[in-house]
Amino acid sequence: MIPRLIFLAYWLSTFVFGFLVPAFLGGTLTLRRWYIKNVRRLFTYCNNIIKQREHLLGFDDELQEEDEEDVVQKRRKRKHLPSYLEEEDEEDSSSPQNFGFCDVAPLVMNGISTIKDDEVMKRFYAQEKPIWNMLTRTAIHPVFMSHRLNIIWFISLVWRWCWLLPLRILVFISAMIWLITATGILLIIPRSAKCYDKCYEWMLCLVFRLITHSLSAVINFHNPENRAKRGGICVANHTSPLDAVILSYDNCYSMIGQRHGGLLGFSQKLLDLTANHVWFERGESKDRQRVVNRLKEHCNSGKHHPVLIFPEGTCINNTSVMMFKKGSFEIGATIYPVAIKYDTLFTEAFWNSSEQSIVKYVLVLARALQTTAIGETKRML
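Per-chain numbering applies: the sequence of each chain, read as written, is numbered from 1 onward. Local features in a predicted model are, by the rule used here, given only for residues with pLDDT of at least 70; side-chain atom pairs are given and counted only at 80 or more, and totals for whole chains, interfaces and linings are based on all residues. Side-chain numbers come from the whole structure's heavy atoms, not from hydrogens or water.

Visitor: I'd like a rundown of the pairing of strand β2 (residues 233-236), residues and numbers included.
Guide: For the exposure calls, accessible area comes from a 1.4 Å probe over protein chains only, and a residue counts as buried if that area is under 20% of its type's maximum, exposed if over 50%, partly exposed in between. Only runs of H or I of at least four residues qualify as helices and only runs of E of at least two qualify as strands under DSSP, and these elements are numbered from the N terminus. Alternating residues of β2 divide into Ile233 and Val235 and Cys234 and Ala236, and every residue in both groups is buried. Pairs of strands are assigned from DSSP output, requiring at least two bridges between the strands. Pairing analysis gives three bridges linking β2 to strand β5 (residues 307-309), with the strands arranged parallel. Looking across to β5, one finds that Cys234 is bridged to Leu308.

In C-alpha cells form, the structure reads like this:
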C-alpha cells in the first residue's frame, strides 16, 4: 500500500510541477532541457552501436551495391519501357519495329512515377529520420544488432508508454477542459468590458501553453521584439496544427484556416465563440471572398488581435517552403513573417491529414521520448 502511495504522490507531483506550473508561469523547466540533451546523447550512442554492427555484418557493401543498382534501374527504366525502346542486340537491330497501342501505357506509367518521385511531391510525405530514435524503424535490415540496444529500447518502451504517455494525455485533457471553462467564463464577460481583452489573452495563452507542455515541447523564440501587433498579419510556414499552438504560446491571434471535423473542429467552434476567427471550406468559392472581406475589415479596424495565416495553404514536411499564396499580402496591412523549424530527430511533427486524424496525430506525438524537442520560431521583419 505504501509503495503505491509513494508512486502516486511522485506521479502527481510530476504532473503538477512538471507540466501545470510551467504552463501557468509561461516558461520551461531547466530539467526538461537537460532531459532533451541526454536523450540526444542516447540516440547518438545507439546510432554508433548500429554503425559498428552494420560494418561488422557487411551491410555497408550491400547498401552500396543496392544504391548502384537503384541508380541503374532509374536510368534505364527497362521494366517501364516498351519493347521497341529497349536495347536491342546487334543482330536484331536491323529488324523492323511494330508500334502497338499498348506500348503507350508503359510510357504513361513511367511519366507518372517520375512525377511522383520529384522534389515537390516528397514535401508532402514525412521525411526519414537521420538516426534511429527508438520509435521509427529507419534501418533497412531489421536484424539483431546488440543486446545493449534491446535493453535500451525496452527501457524506453516502458518509460514512454507507462510514464510519459499517461502524463501527457492527462495534461492534454486538462487543456481541453480549461478551453471549455475559459470559453464559458468569457461568454459571461461582456466584450465591451475593459478587462475582457486581458482575460481573453491570459486564458487562451494558458490553453495553448498546456497543449505544448502536454507534448513536452521546448520552444526557442528569436527576435521577440518583432512579435505581431494588433492590425497586422502574421504569416508562417505550415507543418501541422501544432504551428498555431506554438505561435500562440506567447501571443494571441485571430486565426484563419480550413474548417475541420472531430476534435479539431470542436476546438474551432469553441475558439470562434470568443474571438474573431474565420474558418472556411476549400471547395466553396463564396467562402474565399468572405475571408478576404473579413480580413480587410479585421486589419483596418486596428483594434483586433493580429491575424495568423499560413499562406502555403497546406501542410509541408518542414524540409522546405512552398510558394505563398498572394491573398494575404494584398490587404495592405503590416506583414510579420515567421519561420518555424522542428527538430525531427525526436519525432515527426508533420501532419498528413489524409492518413491521420488529429487524435491519432496527438497520440503519435505523445508516445515519443521527446515530442518536438527544440522548435525554433524566428520572427523577422
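Having put the structure on the table, let's press on.
Visitor: Describe the pattern of salt bridges, and please don't skip the residues or the numbers.
Guide: The working definition used for a salt bridge is a side-chain nitrogen of Lys or Arg within 4 Å of a carboxyl oxygen of Asp or Glu. Applying the stated rule across the entire model yields six salt bridges. Taking the shortest distance from any N to any O, the salt bridge between Arg230 and Asp197 comes out at 3.8 Å. Taken together, the residues span a long stretch of sequence, with Arg230 in the loop between β1 (218-222) and β2 and Asp197 in helix α6 (residues 196-214) at a distance of 33 residues. Classification of Arg230 as partly exposed rests on a relative accessible area of 36%. Glu201 serves as the salt-bridge partner of Arg230, at 3.1 Å between the closest nitrogen and oxygen. With Arg230 in the loop between β1 and β2 and Glu201 in helix α6, this pair connects stretches of sequence that are 29 residues apart. Look at Glu201 and you get partly exposed, because its relative accessible area is 30%. One connected set of salt bridges, linked through shared partners, spans Asp197, Glu201 and Arg230.

Visitor: A description of helix α5 (residues 147-188) should follow, citing residues and the corresponding values.
Guide: Expected helix span is computed as 1.5 Å times (number of residues minus one). With 42 residues, α5 ought to run about 62 Å at 1.5 Å a step, and its terminal C-alpha atoms sit 60 Å apart, in line with that. The sharpest bend along α5 measures roughly 40° and falls at Leu164, with the proline Pro166 sitting one to four residues further on. The angle between axes fitted to the seven residues ending at a residue and the seven residues starting there is what we call the bend at that residue.

Visitor: Tell me about unusual backbone geometry, residues and numbers included.
Guide: A positive phi is found at Asn223, a non-glycine position, where the angle reads about 55°. Turning to its location among the elements, Asn223 is positioned in the loop between β1 and β2. Classification of Asn223 as partly exposed rests on a relative accessible area of 34%. At Asn318, a position not held by glycine, the phi torsion is positive, near 70°. Take Asn318: it is sitting in the loop between β5 and β6 (335-341).

Visitor: Lay out the packing of α5 against α6 in plain terms, naming residues and giving numbers.
Guide: All axes are obtained by fitting lines to C-alpha atoms, using only the stretch in contact for helices, and the reported angles, taken between N-to-C directions, cover 0 to 180 degrees. Where α5 contacts α6, the two axes come as close as 8 Å, and the packing angle between them is 165°. The orientation of α5 with respect to α6, classified from their angle, is roughly antiparallel. Judged by the twist between their axes, the crossing of α5 over α6 is left-handed. Seen from α5, the contacting residues are Arg168, Val171, Phe172, Ser174, Ala175, Trp178, Leu179, Ala182, Ile185 and Leu186; seen from α6, they are Tyr196, Cys199, Tyr200, Trp202, Met203, Leu204, Leu206, Val207, Leu210, Ile211, His213 and Ser214. In the scheme used here, Gly and all other residues not listed as nonpolar or charged are polar, with Ala, Val, Leu, Ile, Met, Phe, Trp, Tyr, Cys and Pro taken as nonpolar and Asp, Glu, Lys and Arg as charged. Its residues assigned to classes, the contact of α5 with α6 comprises 18 nonpolar, three polar and one charged. Angle categories: roughly parallel below 35 degrees, roughly antiparallel above 145, roughly perpendicular from 65 to 115, and oblique for all the rest. By convention the crossing between two helices is left-handed if the near helix lies anticlockwise of the far one by an angle smaller than a right angle, and right-handed if it lies clockwise. Contacts: residue pairs with any heavy atoms within 4.5 Å of one another.

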